[in-house]
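Next come the chains, spelled out residue by residue.
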Amino acid sequence: MKKRIIAIALALVLIVALSACTSDTDAIKTLVQGNIDAIYLGQFDQDYMEVTGETEESLQQDYEDGLDVEAEYFCSYFNILDSSVGETYEDVPSDIKQQIVDLYKEIYSYSKFTIGEIAATQDGNYTVQVTVSPINVIKLAVDAVDSGEENPYTTFVESSSTMDFEAMTDAQYSEYVKNYAQACIDLVKAQIPKLGYEEDKTQSLQVQKGSDGLYSINSDDWSVFDSYVIDYPV
C-alpha cells in the first residue's frame, strides 16, 4: 500500500501579493510558514492572513477538510474500505470518521518543520528550503502488527478468524467493519506515546510569480513535501 499524494485545497497552495511595507523574503517566508501552520497545525498567524487575504473561518474550514482527506486515506491504507465492492468513505460511520480526524489532529501536533534558506532565482521567483522530520507513528503501528506482539489489531484479527463472512447479514458485516476500524484506530493511538521521527528530509519549494503578479507555491513541490510529513510504509 502506498500513500497517495494528498490534494491540497487551492486556497492553501496559497497566493501572496508582496506589499511595499514588507521585504520579498519576509513575505515569502510568511506564505510558506503560514501554509504549513494552517494545514498541519490548524494555526493561523495574523500576518499570514493579512498577506493572503484569508479569514480564520475559511482557514479553519480548509484545515478540517484536509483532516477529512487524511482520514479517508487512513481508511484506504488500513483496508477499512473495500473499493472492489464499491465501498467509499461515505460508508464509514460518522463516529469512526471523527475518531480518525481527532487522531490526526493529535499526530499532526507533533509535526516538526524548519524553514531554511530563501533564495531569489534569475526568473524572479524564489526557492525555499524546508526540512521536515517525518512522523513514524504509522510505521510503529505496522511494525507492531508485523512483530506479532499483542495489540488491538492482532487481538481483533484473532477473535474474528472463524467468522463466516458469507453468512453475515449486511448489518453484521457493517458491525464487523466498524469493529475492525476501531481496532486500527486503537492500534495507531497506542503508538503515540512512543512516537518519534524518521531521518529528516529537505524539500525545495518553488514560489512562483504568476502573470497577475501574485506568488504561489509550486503544487508538485508541495505534494512531495506533504508526502514526507507522516511516514507510511509501503
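Residues numbered from 1 in each chain as written. Predicted model: local features only at pLDDT ≥ 70, side-chain atom pairs only at ≥ 80, totals over all residues. Heavy atoms only, no water.

With that out of the way, let us pick up the pairing of strand β3 (residues 126-132). Counting buried positions along β3 yields five of seven residues, so the element is predominantly enclosed. Here strand β2 (residues 113-120) runs beside β3; their pairing, made up of six bridges, is antiparallel. Note on β3: the bridge partner recorded for F113 is V132. Note: β3 against strand β4 (residues 201-209), seven bridges, orientation antiparallel. (Buried < 20%, exposed > 50% of the residue type's maximum accessible area, 1.4 Å probe, protein only. Helix = DSSP H or I, 4+ residues; strand = E, 2+ residues; numbered from the N terminus. Pairing = 2+ DSSP bridges.)

The final tally for this structure, using the stated rule, is two salt bridges. For K178, the salt bridge is made with D95, and the minimal N-O distance between the two is 3.1 Å. Within this pair, whereas K178 is found in helix α7 (residues 170-191), its partner D95 is found in helix α4 (residues 94-108), the two being separated by 83 residues in sequence. The class of D95 is partly exposed, set by a relative accessible area of 34%. (Salt bridge = Lys/Arg side-chain N within 4 Å of Asp/Glu carboxyl O.)

Okay, the nonpolar core next. Membership of the largest hydrophobic core comes to 64 residues, with the highest contact counts inside it found for F74, F78 and Y104. Tallying contributions element by element places α7 first for this core, with nine residues. Not counting residues up to four positions away in its chain, the partners in contact with Y104 are L67, E70, F74, I138, I230 and Y232. (Core = buried A, V, L, I, M, F, W, Y, C linked by side-chain atoms within 4.5 Å. Contact = heavy atoms within 4.5 Å.)

Side chains of E64, D65, D68, E72, E90 and D91 sit close together on the surface and give a patch of like negative charge. Topologically, E64 is positioned in helix α3 (residues 56-77). The class of E64 is partly exposed, set by a relative accessible area of 36%. (Patch = residues over 30% accessible without salt bridge, like charges linked within 9 Å, V, L, I, M, F, W, Y side chains within 5 Å. Areas by Shrake-Rupley, 256 points an atom, 1.4 Å probe, with all protein chains shown as cover. Lys, Arg positive; Asp, Glu negative; His and termini not counted. Charge placed at Lys NZ, Arg CZ, Asp CG, Glu CD.)

What follows concerns unusual backbone geometry. Even without being a glycine, N79 presents a positive backbone phi close to 55°. Note that N79 resides in the loop between α3 and α4.

Looking now at the packing of α3 against α4. Contact pair α3 / α4: the axes reach a minimum separation of 9 Å and the direction vectors enclose 105°. Classed by the angle they form, the pair α3 and α4 counts as roughly perpendicular. Mapping the contact onto sequence places Y63, L67, D68, E70, A71, F74 and C75 in α3 and I100, V101, L103, Y104, K105 and Y108 in α4. Here the residues of the contact of α3 with α4 are counted per class, giving 10 nonpolar, no polar and three charged. (Axes fitted to C-alpha atoms, helices over the stretch in contact; angles between N-to-C directions. Parallel < 35°, antiparallel > 145°, perpendicular 65-115°, else oblique. Nonpolar A, V, L, I, M, F, W, Y, C, P; charged D, E, K, R; others polar.)

Right, let's talk about the packing of aromatic side chains for a bit. By the definition in use, this model includes 17 aromatic pairs. Measuring from ring centre to ring centre gives 5.2 Å for Y77 and Y232, while their planes differ by 70°; the resulting arrangement is edge-to-face. With a gap of 155 residues between them, Y77 in helix α3 and Y232 in the segment after α8 (219-229) connect regions that are remote in the sequence. On the basis of relative accessible area, Y232 is assigned to the buried category, the value being 6%. One aromatic cluster is present, built from ring pairs that chain together Y40, Y73, F74, Y77, F78, Y104, Y108, F113, W222, F225 and Y232. (Phe/Tyr/Trp six-rings, centres within 6.5 Å; stacked < 30°, edge-to-face > 60°.)

What follows deals with the side chain of N136. Along the polypeptide, N136 turns up in the loop between β3 and α5 (137-147). Since its relative accessible area comes to 10%, N136 is described here as buried. Only 2.7 Å separates the side chain of N136 from the backbone nitrogen of G196, close enough to count as a polar contact. Excluding its chain neighbours within four sequence positions, the residues that come into contact with N136 are L195, G196, Y197 and E198. (Polar contact = N/O pair within 3.5 Å; in protein donor to acceptor, adjacent residues only side chain to side chain.)

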